[in-house]
Amino acid sequence: MTTTPRWRELTRHHLFWPVAVLVLLLLVNVPFTPDFFSVKMTDGHLYGSLVSIVLFGSPLILVAVGMTLVIATGGIDLSVGAVVAITGALSCSYLSDQADQAAVSGVLLAMGLGLLAAVVCGLWNGFLVARMGIQPIIATLIIMVAGRGVAQLITDGQIITVNSEPYKLIGGGYWLTLPFSIFVVAAVVAVTVALTRRTALGLLVESVGGNAEASRLVGIRSRRIKIMVYVFCALCAGIAGLMISSNTSAADGNNAGLWIELDAILAVVIGGTSLLGGRFSIGGTVVGALVIQTLTTTIYTIGVPTQTNLVFKAAVVIIVCLMQSPKFRAKVFGAGGFGGKRGAKQAEAPADTAATPETVRTMEVS
Amino acid sequence: MAEPLPVLEMTGIVKEFPGVRALSGVDFRLFPGEIHALLGENGAGKSTLIKVLTGVYSLDGGTVTLNGASVRFTSPSGAQQAGISTVYQEVNLCPNLSVAENIFIGREPTRFGRIQWKRLRREAAELVDRLGLDIDVTAPLSSYPLAVQQLVAIVRAVGTGDSDGSGSGTKVLILDEPTSSLDRDEVLELFALMRRLKGEGVAILFVSHFLDQIYEVCDRMTVLRNGTLVGEHMVRDLDQVGLVQLMIGKALDQLEELHDHQLHADVGESLLTADGVGRTGGIAPFDLEIKKGEVVGLAGLLGSGRTELARLLFGADQPDSGKVTIGGKQVSMSAPNDAIAAGVAYCSENRRTEGLVPDLTVRENIILALQAARGWVRPVPAAQRDELVAQYIKALDIRPANPEARVGQLSGGNQQKVLLARWLITRPKLLILDEPTRGIDIGAKAEIQKLVVSLSEEGMSVLYIAAELEEVLRLSHTIGVLRDRRLVARLANGPEITPTRILETIASGEHQ
Ligand SMILES: Nc1ncnc2c1ncn2[C@@H]1O[C@H](COP(=O)(O)OP(=O)(O)OP(=O)(O)O)[C@@H](O)[C@H]1O
Ligand SMILES: [Mg+2]
């Protein structure tokens, strides 16, 4: 294989594989939908497959961005789907009780209420993980399960519908020809990047996830940092919850955000953030979420029968993950194929025959 | 006398990492029944040569022959099956499994597909016995100190040679810095074992920065510098001075300088006092005073409580009795933060598990302590950060001098320097150094000791822990002697204090 140094350099970039997969998936659609890439202007709004992918993918991007930080600390948050439901339920039920649903102040109050509930959920998760030392997967399972019940309680087991122009904006409205939610997502991503990279938060998060004991001994207040990321993650889920309920003008405690935690975790992993914690990439996560959303769209456009679409999705996800594994690429395409040097995790620990990387804690004795 | 054929021969070995040429055309041969030292400065490429041999890394050029046949291993288990047993510099074991399980991991004795636990434990015990060690194989590995864990890794390697665990199938044994955390006694045990295996015709590759050990046990040596071969010699043909010259490319006289330096006398007022500080299961309550600009060395055997003492003074473990006063103020020691705020810094002996974040870059690792102290809202300004990092990379000669390099990819000795740099930039009042020269090459070792001297001259207090008594004696104003997790004596350094005297104090356990 001819590999120029520049190509090698490119393939080593951490966003190369996620982007390559995304482009590939987009191209797959073209034979089935010839005008897949075209974007039309109707009534001053842009329409097209690409626009809808971003529009429908918005909640997932938000949830995945929050999830990224949690995963970077070595944790995981399974409760985001339930938080989506609770937020939507609370906002909609408050709003539906208002005499004038179109009043901006009422709408803002409803949203504030929903987000407040999300923050409380995040505090609870953070408290359990950071203060009580409960395994994140267990700690967040509590709200994952109980949270849907709470959402049901709020909505009395009904699907609450609202009829409010201003509320409709965040998840279904348009601004400057584009879906408004795109701006919300852009803002959240920008704030997250600024929050983590302009301050030292990103470094400290990566340190806590990369080596918890070393971080303690260096004086990082990991508890505080963990609580912060769980709250942040819940807040992102909350915004996603507003978006979803606004898009449908309804709160469905049962189905809103169902299984979104799994898609979000996948998006994070596809984006190149290790589930073991440590280094994270917000950009990678955004691309990863777009990959998942494109995949969902593709399943519809190429007409995979509904019974098998989950299997199809699983198969693609497996392939994507394999493609991202430097070891797999080396095996299949030969050593040095695509210039993919060994990834960080492999390179440093001598592969042990029996133990998987997760079970082996590397001890330097020297 | 005609030389026998080498059991292992490597020619023209090339290994490149992104931006680093770790090995360029290295030749290496290993004869049956010899102990062969692989020498070189930190980052010279010793560990890399071992890893390309055993298939941890792929080879970018060159050939390997084992017993005359050309081989290329793609995984460590392949090399193991071919009779090459390796203890890597960063030992991979599972702390929460038992010693026996660790010894047999990956090749547990089975019957009808099920692990025979009894047999596993019995054979592990036999193996440990055979090697003359006193370890309870049913205890979890984590219950033993680092040094014992290192011994277990060696036992595991020796045992992997054959399916019956007797070690009879091992043709080549590779030990990458196995003695770095061992005491003299364990080193002697290890050497006895190495000599026995050598007698059985096993070829042993031995990496160490302790030149005395090389001269004690090795027959032949290969010296690397910057990834190239600079020479292969019989140990008896080359003296230490010549060897050092070969390793670093110039004569080394700074060691001599250190030998007869005078401890500075202007030790100031008291900085830290510990009154009855202790922790059950860690160390018995002790009193200790550290003055401004004073170097206090801790001497004691393995497991005597040196590290435990240091950890209490940093709040890494919480004392359950006594009180610590720093600069006149009592410090609660409920977390490292309290000690750090009071100006204490601690370089752990376990740089991998308790020190560095391997995924982060050199720059990020160096800045971490300073940043943690400032909190997340106030990042260290980029210009100041880069300047500090560059300054310390230069001062400690961290190689490669690339702040963007991931710390996990640095050689062991260079990782140690990064850890040191991290705390030095915080300008602490008291610097606790637990085995700071472990795994560090002879030139850098002298540099670090000189650094300790000059820091203390500038008024920084240092608590210094090292396995080598000479090192402790050379640097310390006061020496704390520990035995059985008890501080048994505090001696003011002076001409009458010799390593022998210290050892006597340890042996007699005489009380302060
Ligand atoms: N996985 C890796 N990725 C990139 N560079 C690496 C990697 N492993 C080693 N290197 C580089 O290769 C060079 C040789 O490293 P090596 O670990 O072989 O040194 P060493 O001789 O064992 O040193 P020490 O005595 O400190 O253990 C160093 O410059 C190191 O930074
Ligand atoms: Mg090494």
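Note that residues are indexed from 1 along each chain, following the sequence as it is written. As a convention, the first chain written is A and the first ligand written is 1, with the rest following in written order. Thresholds applied to this predicted model are a pLDDT of at least 70 for local features of residues and 80 or more for the giving and counting of side-chain atom pairs; totals over whole chains, interfaces and linings are not thresholded and use all residues. The side-chain quantities take in all heavy atoms of the structure and omit both hydrogens and water.

1. Brief notes about the confidence of the model for chain B
Parts of the model with low pLDDT should not have their predicted coordinates read in detail. All names here are of chain B. Selection criterion: For every residue, the pLDDT score states the predictor's confidence, bounded by 0 at the bottom and 100 at the top. In what follows, residue pairs with any heavy atoms lying within 4.5 Å of each other are defined as contacts.
The predicted model of chain B has a mean per-residue pLDDT of 88, with 95% of residues at 70 or higher. Low pLDDT, under 50, characterises residues 163–167; the stretch is placed with nine contacts to residues that sit more than four places away or in other chains. As scored by the predictor, the complex reaches a pTM of 0.86 and an ipTM of 0.84.

2. A short note on the domain arrangement of chain B
All names here are of chain B. Which entries qualify depends on this criterion: Reported domain spans reflect what an automatic or database domain assignment gives. Buried area is calculated as the accessible area (1.4 Å probe) missing from two parts once they are joined, with the contributions of both summed. When a carboxyl oxygen of Asp or Glu lies within 4 Å of a side-chain nitrogen of Lys or Arg, that pair is called a salt bridge. Numbering goes from the N terminus for both helices and strands, where a helix is a DSSP run of H or I of at least four residues and a strand is a run of E of at least two.
According to the domain assignment, chain B consists of domain 1 (1–83 + 171–251), domain 2 (90–169), domain 3 (268–343 + 428–512) and domain 4 (355–426). Using only C-alpha atoms to locate each centre, domain 3 and domain 4 end up separated by 25 Å. Taken together, the contacts link 14 residues of domain 3 with eight residues of domain 4. Here domain 3 and domain 4 share an interface that buries about 860 Å² over both sides, 79% of which is from carbon and sulfur atoms. Between domain 3 and domain 4 we count zero salt bridges in total. Contributions of two or more residues to the side of domain 3 that touches domain 4 are made by strand E20 (430–434) and helix H16 (442–457). Ranked by the residues each element gives to the side of domain 3 that touches domain 4, the list is headed by H16, at four residues.

3. Here's the deal with a negative patch on the surface
Threshold: Exposure above 30% relative accessible area and the absence of a salt bridge qualify a residue for a patch, where like charges join within 9 Å and nonpolar side chains (Val, Leu, Ile, Met, Phe, Trp, Tyr) within 5 Å. Calculation of accessible area relied on Shrake-Rupley with a 1.4 Å probe; when residues are assessed, cover is drawn exclusively from the protein chains displayed. A positive count includes Lys and Arg, and a negative count includes Asp and Glu. His and the chain ends are not counted in either. By convention, the charge on Lys lies at NZ, on Arg at CZ, on Asp at CG and on Glu at CD.
On the surface, B:Asp129, B:Asp134, B:Asp136, B:Asp185 and B:Glu189 cluster together to form a negatively charged patch. Here B:Asp185 is to be found in helix H6 (residues 184–199).

4. Re the interface of chain A and chain B
To keep things clear, this is the line we draw: Each polar contact in these results corresponds to two N or O atoms within 3.5 Å; when the atoms are within protein, one needs to be able to donate a hydrogen and the other to accept it, and residues that are neighboring in sequence are counted only if both atoms are side-chain atoms.
Residue-level contacts link 44 residues of chain A with 63 residues of chain B. Buried area between chain A and chain B, both sides added, is near 4,700 Å², and the carbon and sulfur share of it is 59%. There are two salt bridges connecting chain A and chain B. A salt bridge links B:Arg311 to A:Glu213; its shortest N-O distance comes to 4.0 Å. Taken together, chain A and chain B are joined by six residue pairs in polar contact (both at pLDDT 80 or more).

5. Considerations on the coordination of the magnesium ion (ligand 2)
All names here are of chain B. Stated formally: For Na, K and Ca the donor cutoff is 3.2 Å, while for all other metals N, O and S atoms count as donors only within 2.8 Å; water does not appear among the atoms, so some sites may look incomplete. Only protein chains enter the area calculation, which uses a 1.4 Å probe; residues under 20% of their type maximum are buried, those over 50% are exposed, and those in between are partly exposed.
Those donors, Ser47 (OG) and Gln89 (OE1), are the protein atoms that reach the magnesium ion (ligand 2), and they lie 2.0 to 2.1 Å from it. Highlighted residues: Ser47 in helix H1 (residues 46–53) and Gln89 in the loop between strand E6 (84–87) and strand E7 (92–93), separated in sequence by 42 residues. Residue Ser47 shares its accessibility class with Gln89, and that shared class is buried.

6. Things to note about the pattern of salt bridges
It is possible for side chains of opposite charge to pair when their charged atoms get near one another. Considering all chains together, one arrives at 29 salt bridges over all chains under this definition. Between B:Arg483 and B:Asp484 there is a salt bridge whose closest N-O contact spans 3.6 Å. Residue class for B:Arg483 comes out partly exposed when judged on its relative accessible area of 30%. When salt bridges with common partners are traced through the structure, they connect A:Glu213, A:Arg216, B:Arg311, B:Asp317 and B:Glu354 into a single cluster.

7. Quick notes on the pairing of strand E15 (residues 283–291) of chain B
Both faces of the sheet carry side chains from a regular strand, because those side chains alternate between them. Keep this limit in mind: Should DSSP find at least two bridges between two strands, the strands are taken to pair.
As judged from the six bridges shared by strand E14 (residues 270–279) of chain B and E15(B), these two strands associate in the antiparallel manner. In the strand pairing of E15(B), B:Ala274 is matched with B:Leu288.

8. Topic: the packing of aromatic side chains
Residue and element names in this part refer to chain A. Defined as follows: Pairing of aromatic side chains here covers Phe, Tyr and the six-membered ring of Trp, requires ring centres within 6.5 Å, and sorts the geometry by plane angle: under 30 degrees stacked, over 60 edge-to-face, intermediate tilted.
In the structure shown here, the tally under the stated rule is twelve aromatic pairs over all chains. Consider the rings of Phe16 and Trp17, whose centres lie 5.2 Å apart with planes at 90°: the pair is edge-to-face. There is no split in this pair, since Phe16 and Trp17 are both buried. Considering the side-chain rings of Trp175 and Phe180, the 6.2 Å spacing of their centres and the 70° angle between planes classify their relative orientation as edge-to-face. With a relative accessible area of 46%, Trp175 lands in the partly exposed category. Taken together, Trp7, Phe16 and Trp17 form an aromatic cluster joined through their ring pairs.

9. Here's the deal with the sheet that holds strand E4 (residues 61–66) of chain B
All names here are of chain B. Stated formally: Every angle, taken between N-to-C directions, lies between 0 and 180 degrees, and every axis is a line fitted to C-alpha atoms, over only the stretch in contact when it is a helix.
Read across the sheet, four strands follow the order E2-E1-E4-E5 without closing on themselves; strand pairing throughout is antiparallel. The sheet terminates laterally at strand E2 (20–30) and strand E5 (69–71), the two strands that pair on one side only. The mean inter-strand angle of the sheet, taken between neighbouring strand axes irrespective of direction, is 30°. Relative to E2, strand E1 (residues 8–17) is paired through eight bridges, and the arrangement is antiparallel. By the bridge assignment for E2, Leu8 is matched with Leu30.

10. Concerning the nonpolar core
Quick note on the threshold: The nonpolar core is taken to be a set of buried Ala, Val, Leu, Ile, Met, Phe, Trp, Tyr and Cys residues, with the residues joined through side-chain atoms within 4.5 Å.
In terms of nonpolar packing, the biggest core is built from 174 residues, with B:Phe286, B:Leu309, B:Leu313, B:Phe314, B:Leu463 and B:Ile502 touching the most fellow members. Take this core: its biggest share by element is twelve residues, from helix H3 (residues 49–72) of chain A. Of the domains in this structure, domain 3 (268–343 + 428–512) and domain 4 (355–426) of chain B are the two that each give at least three residues to this core. The residues touching B:Leu313, leaving out its near neighbours within four places in the chain, are B:Leu272, B:Ala274, B:Phe286, B:Leu288, B:Val324, B:Met333, B:Ala339, B:Val344, B:Ile432 and B:Leu463. Counting 55 residues, the second largest nonpolar core, distinct from the first, contains B:Ile103, B:Ile135, B:Ala147 and B:Val155.

11. Things to note about the sheet that holds E14(B)
Residue and element names in this part refer to chain B. A sheet is described by the order of its strands in space; here four strands give the open sequence E15-E14-E17-E18, paired in antiparallel fashion. The open sheet has two edge strands with one neighbour each: E15 and strand E18 (329–331). This sheet shows a mean twist of 20° between the axes of neighbouring strands, independent of strand direction. With three bridges joining them, strand E17 (residues 321–326) and E18 adopt antiparallel strand pairing. Paired with Val324 across the bridge in E18 is Val331. Taken strand by strand, helix H10 (residues 306–314) contacts E14, E15 and E17, and its axis lies near 65° from that of E15.

12. As for a positive patch on the surface
Residues and elements named next belong to chain A. There is a patch of like positive charges on the surface, built from Arg131, Arg221, Arg223 and Arg224. Along the chain, Arg224 turns up in helix H11 (residues 222–248). Classification of Arg224 by relative accessible area gives exposed; the value is 54%.

13. Looking at helix H4 (residues 117–130) of chain B
Residues and elements named next belong to chain B. Short version of the rule: Here a helix's expected span is defined as the number of its residues, less one, multiplied by 1.5 Å. In this description, the arc belongs to the directions extending from the helix axis to the C-beta atoms.
The end-to-end C-alpha distance of H4, which contains 14 residues, comes to 20 Å, matching closely the 20 Å that a straight helix rising 1.5 Å per residue would cover. Of all the positions in H4, only Leu120, Glu123, Ala124, Leu127 and Val128 are classed as buried. Each buried residue of H4 sits inside an arc of 135° when the element is viewed along its axis, so together they form one side. Along H4, exposed side chains directed more than 90 degrees from the buried face belong to Lys118 and Asp129. Residues of H4 that are buried make contact with helix H3 (99–104), strand E9 (114–115) and helix H5 (146–159). Gly132 sits one or two residues past H4 and shows a positive phi near 70°.

14. Things to note about empty space enclosed by the protein
Residues and elements named next belong to chain B. Stated precisely, the cut-off is as follows: Any residue with an atom within 4 Å of a point lines the site, the site being either a cavity, points on a 1 Å grid over the protein atoms alone where a 1.4 Å probe fits but cannot get out, or a pocket, an open set with protein on both sides within 12 Å along at least 5 of 7 lines. Grid points are joined across faces, edges and corners, and a volume is the space filled by probe spheres set on the points. Note on residue classes: Ala, Val, Leu, Ile, Met, Phe, Trp, Tyr, Cys and Pro are nonpolar, Asp, Glu, Lys and Arg are charged, and everything else, Gly too, is polar.
With the rule as written, the count across this model stands at six cavities of 30 Å³ or more. Each pocket or cavity is described by its volume, and for the second largest cavity that value is around 70 Å³. In terms of lining, the second largest cavity is formed by Glu177, Thr179, Ser180, Val207, Ser208, His209, Phe210, Thr437, Arg438, Gly439, Ile440 and Lys445. Along the lines of polarity and charge, the residues of the lining of the second largest cavity split into three nonpolar, six polar and three charged. When residues are assigned to domains, the lining of the second largest cavity turns out to be shared by domain 1 (1–83 + 171–251) and domain 3 (268–343 + 428–512), each giving three or more.

15. Looking at the site of ligand 1
In plain terms, the rule: Proximity is defined per residue: any heavy atom of the residue falling within 4 Å of a molecule or strand makes that residue near it.
Close contacts around ligand 1 come from 22 residues, with B:Gly43, B:Lys46, B:Ser47, B:Thr48 and B:Ser411 the closest. With respect to ligand 1, the chains having nearby residues are chains A and B. In this structure, B:Ala44 approaches ligand 1 through a main-chain N or O atom, which is 3.2 Å from an oxygen atom. Residue B:Tyr57 places a side-chain N or O atom 3.2 Å away from a nitrogen atom belonging to ligand 1. Its free accessible area being 640 Å², ligand 1 has 94% of it covered by the protein chains.

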